[in-house]
Amino acid sequence: LTSSLVILFAWSRVGKPNGVRPGLLAVFFLSGGILGVIFAMIFEVFEESGWNGISRGCNMTHMIATPDCEALAAVMWILTPGLIEETGKALWLFFRFRRSPDQLPSHCCLGIFPASHSYDCGCWYKLAPTPYHVVLSALAAGAGFECLENVKYVFVNTDALERLRAPRGG
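Residues numbered from 1 in each chain as written. Predicted model: local features only at pLDDT ≥ 70, side-chain atom pairs only at ≥ 80, totals over all residues. Heavy atoms only, no water.

S.K.: Account for the side chain of E44, with residues named and values stated.
M.R.: Here E44 shows up in helix 2 (residues 22-54). Among residues more than four places away in sequence, those in contact with E44 are T80, P81, I84 and E85. (Helix = DSSP H or I, 4+ residues; strand = E, 2+ residues; numbered from the N terminus. Contact = heavy atoms within 4.5 Å.)

S.K.: Tell me what's going on with the packing of aromatic side chains, and back it up with residues and numbers.
M.R.: With the rule as written, the count across this model stands at three aromatic pairs. Arranged with centres 5.8 Å apart and planes meeting at 65 degrees, the rings of F43 and F46 form a pair that is edge-to-face. Note that F43 and F46 are positioned in helix 2 at a spacing of three residues, about one turn of the helix. A relative accessible area of 51% places F46 in the exposed class. (Phe/Tyr/Trp six-rings, centres within 6.5 Å; stacked < 30°, edge-to-face > 60°. Buried < 20%, exposed > 50% of the residue type's maximum accessible area, 1.4 Å probe, protein only.)

S.K.: Give a description of helix 1 (residues 2-15) that names residues and reports values.
M.R.: Its 14 residues give helix 1 an end-to-end C-alpha distance of 18 Å, which sits within 8% of 20 Å, the value for a rise of 1.5 Å per residue. Within helix 1 the residues assigned to the buried category are I7, A10, W11 and G15. Buried residues along helix 1 cover an arc of 105 degrees about the axis, so they all sit on one side. Within helix 1, the exposed residues directed more than 90 degrees away from the buried face are T2, L5, L8, F9 and R13. Those residues of helix 1 that are buried are in contact with helix 2 and helix 4 (131-156). (Expected span 1.5 Å × (residues − 1). Arc of directions from axis to C-beta.)

Now the structure itself:
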């Protein structure tokens, strides 16, 4: 809710006067959330296994209570979510945005599919003629990622699913 209010406030102050459409922000909210989280989940697994290969005795899942190990694990915990999640949010912005219609590609997916209309891959690419388009879309992508990530934390790291399944006493 808070992230949606921040996006709405920012859009009303700088987006609306500069021609940023709310639909663009909604698209990046959803793609930042869904595609960003999928990217992060896949690549965090690779990075965690890489850390395990580098340091078998001290890593994110197995820490020895020594200052050296705790410092190494702290670096791993800072780099893994930070590097992967922030890349997952930004990747879709850089991949999808174009400055002008002249920069829109005629094909997508390694040249396999056409990208010339809204009913084919043309809807994938978005125009960002001003910096306001980019900044507000980045804000929306980050907010979508955080909303989906918070939902994951509620259902994965708690007993919320068991509470939903449990019969209620009356």
